[in-house]
Amino acid sequence: MAISRKGFSSRLGFVAAAAGSAVGLGNIWKFPYETAQNGGGAFLLLYLICVVLIGFPVMMGEISLGRATQTNPVGAYRKAAGPKWSWVGLIGVIGGMMILSFYNVVAGWAFGYFIEISFGSLLSEPDHGAFFGAYVANITDNLIFSMVFMVLTAVVVLRGIQGGIESASKLLMPLLFLILIGLIIYALTLPNAMAGISYYLLPDFSKIQLSTINSAMGQAFFSLSLGMGALITYGSYIPKDDNVTASASIVTLADTAVAFLAGLLMLPLVFSSGEPPEASGPGLVFTILPGIFHAMGPLVGRIVGGAFFLLLSVAALTSTISLLEVPVSYLVDDRKVGRKPAVIGIASIIFIIGLPSMLSFGAVDWLSDITYGGASHSFLDLINDVFSEVGLPLGGLIMSLLIVHRWGTNRMREELTNGNPAYPGSRVERFVRFTLTYISPVLLGFIFISNLMEKFFGISVF
Ligand code: PFF
């Protein structure tokens, strides 16, 4: 058996951590309303196709690259594709830091709502829309909660792979499933729940346009944490005798299952309250749901609402951990910095980089009203558009090309044979090799170009 560096103790450890990275705000906040508004079951079907055609093959590529090279994304590209390609890894590292800078702000809101609903008087606010507007513009609350969230993330990453990331994920992921299932069971007993389920799932193919396909592809990619090297990094900690194909399949399934289940929770909640279905838009979580929890009565509302925002915080935490580990692993592996100074240094820098995003919801006017692509945006939107909407598909595209044309699918096969002797020549191999060579790069190129044109030039390619 080949020697691997100190990493996850078992397959379960990796699966919990990688699924934790994948399951995040994207699943619980974004997926349900995207599905409900874009054709329900028809969007779901499309999403599943994207997961299979782009998500799974790229995930296999990322993880195998990480495990083969046993190092962070910068070192991984250097070893696999040659020194002149290490910048691709560096862009991933920087992209991860930028994504974490704003993701942590939203995670801070979720955590703040958990505290304010469970222990404060948030639910009895007369106007939850106005409350949220004031909340995100309030510098003190924002500073406190996003700092708390960054510290929580840093504490886990500081404790290392096994003692920190693996242990936290093994605890938090089952907790997340438990809360989610508990909330769904409760939501399904509410009046009108079934109408919500029908709205969520009944397919409406007339809503599927090329732009919908683009959203489904982008969402699948973001949701699986692909494109910036998070899974290269986690892959580098997998034992050499582990079956990567099996692990990647479980992670993909778990992420998709949680996204699907989140819709089974959200739509019944919205419909039971008599809110119009359009309420299930981006504002749903922070502006509509608190009113729904309030209507459940003081005790039940506090419990159900508290559990919901705890769910959101837990989902976000296992993702922020993976986002922080990427730059930390770069400093530790490549720059020989100790884990402790690396974590403290990087977490502080990211927190500071996140300040303009935090202040871009009314606290500072010019950060809250930046015009590009023909519309006004917050600074947080800008960073999200650059680094996740455009950056991740570009990262995934370059990675697929490098894996296929520089590293080589034969070396990928060799790596995936460790722990799975049946891999060479198997159907999975033929599928992954074909999609990674011909399908994923083309689709990722589409997402990249269409998002770039739409977000920054206001031009709809589709
Ligand atoms: N997959 C996470 C979500 O759905 O919220 C977001 C994410 C985490 C993206 C980690 C990228 C990443 F590296």
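Presented here is a report on the structure given in the accompanying data block. Values in this document were obtained by computation on a predicted structure and should not be read as measured data.

### Notes on the overall build of the protein chain
Moving on, step 1. Within the protein chain, the secondary structure is distributed over 18 helices and two strands.
Moving on, step 2. Here the protein chain has a C-alpha radius of gyration of 21 Å; the compact-globule value for 462 residues is 23 Å, and the two agree.
Moving on, step 3. If you line up the protein chain on its principal axes, its C-alpha atoms span 60 × 50 × 45 Å.
Moving on, step 4. For the protein chain, with 462 residues in total, the buried portion stands at 58%.

### Brief notes about the side chain of E429
Moving on, step 1. In this fold, E429 is placed in helix 18 (residues 427-457).
Moving on, step 2. You can call E429 buried: its relative accessible area is 4%.
Moving on, step 3. In this structure, E429 is in contact with R413, Y423 and P424, ignoring residues within four places of it in sequence.

### A look at the packing of aromatic side chains
Moving on, step 1. As enumerated under the stated definition, the model contains 28 aromatic pairs in all.
Moving on, step 2. Ring centres of W109 and F361 lie 5.1 Å apart, and the angle between their planes is 85°; this geometry places the pair in the edge-to-face category. With a gap of 252 residues between them, W109 in helix 5 (residues 86-119) and F361 in the loop between helix 15 (339-358) and helix 16 (365-368) connect regions that are remote in the sequence.
Moving on, step 3. With a centroid separation of 6.1 Å and an interplanar angle of 40°, the aromatic rings of F111 and F114 are classed as tilted. Note that F111 and F114 are positioned in helix 5 at a spacing of three residues, about one turn of the helix. Across the pair, F114 and F111 agree in class, each one buried.
Moving on, step 4. The structure contains a cluster of three or more aromatic residues connected by ring pairs, namely W29, W109, Y113, F131, F132, Y135, F286, F293, F308, F309 and F361.

### Brief notes about the packing of helix 6 (residues 128-137) against helix 13 (residues 284-295)
Moving on, step 1. In the contact formed by helix 6 and helix 13, the axes pass within 8 Å of each other and the chain directions differ by 130°. Taken together, the axes of helix 6 and helix 13 lie oblique to each other. At the point where helix 6 passes helix 13, the crossing takes the right-handed sense. Counting all contacts with helix 6, which are made through H128, G129 and F132, the residues of helix 13 involved are F286, T287, P290, G291 and H294.
Moving on, step 2. Here the residues of the contact of helix 6 with helix 13 sort into three nonpolar, five polar and no charged.

### Observations concerning the nonpolar core
Moving on, step 1. Counting residues in hydrophobic clusters, the biggest one holds 153 residues, and the most contacted among them are F286, F308, F309 and L324.
Moving on, step 2. Per element, the largest residue contribution to this core is 17 residues, and it comes from helix 5.

### Quick word on the site of the ligand
Moving on, step 1. Around the ligand, 15 residues are found, and the nearest of them are A22, G26, Y103, F222 and S225.
Moving on, step 2. Within the side chain of N27, an N or O atom sits 3.3 Å from an oxygen atom of the ligand.
Moving on, step 3. At a separation of 3.1 Å, a nitrogen atom of the ligand approaches a polar side-chain atom of S225.
Moving on, step 4. Surface burial for the ligand is 100%, taken as the share of its 340 Å² of free accessible area covered by protein chains.
Moving on, step 5. Mapping the ligand onto the cavity grids shows that it belongs to the largest cavity.
Moving on, step 6. Residue composition of the shell around the ligand, grouped by class: seven nonpolar, eight polar and no charged.

### Observations concerning the side chain of D385
Moving on, step 1. Of note, D385 is situated in helix 17 (residues 379-417).
Moving on, step 2. Beyond its immediate chain neighbours, meaning those up to four positions away, D385 contacts Y372, H377, V390, K455 and F456.

### Some thoughts on the layout of surface pockets
Regions of empty space are outlined by a rolling probe, equal in size to a water molecule, passed over the atoms.
Moving on, step 1. One number sums up the size of the largest pocket: a volume of about 1100 Å³.
Moving on, step 2. Along the wall of the largest pocket there are 39 residues; nearest its centre are K30, Y33, D381, N384 and E389.
Moving on, step 3. At the level of secondary structure, the elements contributing two or more residues to the lining of the largest pocket comprise helix 2 (25-37), helix 5, helix 6, helix 10 (210-223), helix 13, helix 17 and helix 18.
Moving on, step 4. With eight residues, helix 17 is the largest single contributor of residues to the lining of the largest pocket.
Moving on, step 5. Here the residues of the lining of the largest pocket are counted per class, giving 18 nonpolar, 14 polar and seven charged.
Moving on, step 6. Looking at the second largest pocket, its volume works out to about 280 Å³.
Moving on, step 7. Looking at the second largest pocket, it is lined by 21 residues, and the ones nearest its centre are I91, G92, G227, G391 and G395.
Moving on, step 8. Contributions of two or more residues to the lining of the second largest pocket are made by helix 4 (73-81), helix 5 and helix 17.
Moving on, step 9. Counting residues per element, the lining of the second largest pocket draws most heavily on helix 17, at eight residues.
Moving on, step 10. Of the residues belonging to the lining of the second largest pocket, the class tally is 15 nonpolar, six polar and no charged.

Rules and cut-offs
Residues numbered from 1 in each chain as written. Predicted model: local features only at pLDDT ≥ 70, side-chain atom pairs only at ≥ 80, totals over all residues. Heavy atoms only, no water. Helix = DSSP H or I, 4+ residues; strand = E, 2+ residues; numbered from the N terminus. Rg over C-alpha atoms; globule rule 2.2 N^0.38 Å. Buried < 20%, exposed > 50% of the residue type's maximum accessible area, 1.4 Å probe, protein only. Contact = heavy atoms within 4.5 Å. Phe/Tyr/Trp six-rings, centres within 6.5 Å; stacked < 30°, edge-to-face > 60°. Axes fitted to C-alpha atoms, helices over the stretch in contact; angles between N-to-C directions. Parallel < 35°, antiparallel > 145°, perpendicular 65-115°, else oblique. Left-handed = near helix turned anticlockwise from the far one by under 90°. Nonpolar A, V, L, I, M, F, W, Y, C, P; charged D, E, K, R; others polar. Core = buried A, V, L, I, M, F, W, Y, C linked by side-chain atoms within 4.5 Å. Near = heavy atom within 4 Å. Polar contact = N/O pair within 3.5 Å; in protein donor to acceptor, adjacent residues only side chain to side chain. Areas by Shrake-Rupley, 256 points an atom, 1.4 Å probe, with all protein chains shown as cover. 1 Å grid on protein atoms, 1.4 Å probe; cavity = no way out; pocket = protein on both sides within 12 Å on 5 of 7 lines; lining within 4 Å. Sits in = over half its atoms within 2 Å of the grid points. Points joined across faces, edges and corners; volume = space filled by probe spheres on them.

Remember, this is a structural readout, not a statement about activity or role.
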